[in-house]
Amino acid sequence: MARGEVVPAVQDAPGQTTRLTSGPGVLEDPVYGQARVATASGRISEAADVLAEDSRTPFSASQLSRLDEALTLACRETGLLFTLWVGALGTRSRERAEELHASLGDRADEAIVVAVSPGERVVEIVTGAESSRRIDDRAAKLAVMSMVASFKESDLVGGMVEGITMLADQAGGAH
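Residues numbered from 1 in each chain as written. Predicted model: local features only at pLDDT ≥ 70, side-chain atom pairs only at ≥ 80, totals over all residues. Heavy atoms only, no water.

J.: Is there a simple way to explain helix H4 (residues 137–152) in this structure?
T.: A turn of α-helix holds 3.6 residues, and therefore any two residues three or four places apart point the same way. Relative to the 22 Å expected for 16 residues at 1.5 Å per residue, H4 spans 22 Å between its end C-alpha atoms, a close match to the ideal helical length. Within the span of H4, buried status applies to Ala139, Ala140, Ala143, Ser146, Met147 and Ser150. Across the axial projection of H4, the buried residues extend over an arc of 125°, all falling on one side. Pointing more than 90 degrees away from the buried face of H4 are the exposed residues Asp137, Arg138, Lys141, Met145 and Lys152. The elements touched by buried residues of H4 are strand S5 (111–117), strand S6 (122–127) and helix H5 (156–171). (Helix = DSSP H or I, 4+ residues; strand = E, 2+ residues; numbered from the N terminus. Expected span 1.5 Å × (residues − 1). Buried < 20%, exposed > 50% of the residue type's maximum accessible area, 1.4 Å probe, protein only. Arc of directions from axis to C-beta. Contact = heavy atoms within 4.5 Å.)

Following this line, the structure appears as structure tokens:
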């Protein structure tokens with residue numbers, strides 16, 4: 001498995017660690033510090049160590065908790081799969097966000113990818129076939145506008161939480 005590669009998740013029972021897979025069988029990759037866990041809602045929470053010249057982490061434990069709570073509640077309330085990507089998207093940001101969405105495999109139809117690249121000042125929202133019926137372009141644009149307003153006030157985490165919440169509210173309850 002290449003560093004940074006998106007791999008399919010194998011979901012265990014909620015609360016159990018989900019091991020990374022790189023083909024047939026199940027493997028964990030402790031060398032790169034990657035792990036996944038299936039939350040009680042069935043959402044996969046994934047973490048990976050990223051080596052950088054700056055040893056500070058971008059988010060505190062409480063900020064990560066806020067983001068996880070927003071994603072968990074959005075998934076639970078809507079029955080859709082909400083995912084968040086924070087990092088560089090490159091010059092082809094839309095294409096990269098669509099690649100991230102497609103990497104969700106069978107769950108892509110019901111998924112919403114919120115991709116935020118603070119350094120590039122880019123926000124992309126990609127929806128699947130089912131999720132796009134419940135979250136239209138207008139709702140996605142309003143969520144982006146709300147996020148950008150918070151980002152301008154130096155509230156990255158608050159903006160992402162608000163955007164996810166707005167998208168979940170628009171999608172409505174699980175069908």
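J.: Sorry if this is basic, but what is going on with the nonpolar core here?
T.: Burial of nonpolar side chains together is a common tendency in soluble globular proteins. In this structure, Phe82, Ile112, Val114, Ile125, Ile135, Ile164 and Leu167 are the most contacted members of the largest nonpolar core, which totals 25 residues. Breaking this core down by element, the ones donating at least two residues are helix H1 (61–78), S5, S6, H4 and H5. When residues of this core are assigned to their parent elements, the largest contribution, seven residues, is made by H5. Once you skip the residues sitting within four places of it in the chain, Leu167 turns out to touch Phe82, Ile112, Val114, Ile125, Ile135, Ala139, Ala140 and Ala143. (Core = buried A, V, L, I, M, F, W, Y, C linked by side-chain atoms within 4.5 Å.)

J.: Is there a simple way to explain the pairing of strand S4 (residues 81–86) in this structure?
T.: Consecutive side chains along a regular strand alternate between the two faces of the sheet. The pairing of S4 with S5 spans six bridges and is parallel. Within S5, the residue paired with Trp85 across the bridge is Ala115. (Pairing = 2+ DSSP bridges.)

J.: In this structure, what is going on with the confidence of the model for the protein chain? I would like to understand it.
T.: Atomic detail in the predicted coordinates should be set aside for any region of low pLDDT. Predicted confidence across the protein chain gives a mean pLDDT of 80, with 69% of residues reaching 70 or more. Here strand S1 (residues 17–18) stands out as the element of the protein chain with the lowest mean pLDDT, 41, in contrast to H5, whose mean of 96 is the highest. Scored below 50 in pLDDT, residues 1–31 shows 63 contacts in the model against residues more than four places distant or in partner chains. (pLDDT = per-residue confidence, 0-100.)

J.: Help me out: how do you make sense of H5 in this one?
T.: Compared with an ideal rise of 1.5 Å per residue, which puts 16 residues at 22 Å, H5 spans 23 Å between its outermost C-alpha atoms and is within 8% of the ideal. Listed in full, the buried residues belonging to H5 are Val157, Gly158, Gly159, Met160, Val161, Gly163, Ile164, Leu167, Ala168 and Ala171. Where H5 is buried, its residues touch H1, S4, S5, S6, helix H3 (129–134) and H4. The N-capping residue of H5, defined by a side-chain oxygen 2.9 Å from the backbone nitrogen of Gly158, is Asp155. Directly after H5, the chain includes Gly172, whose backbone phi takes a positive value near 80°. (Polar contact = N/O pair within 3.5 Å; in protein donor to acceptor, adjacent residues only side chain to side chain.)

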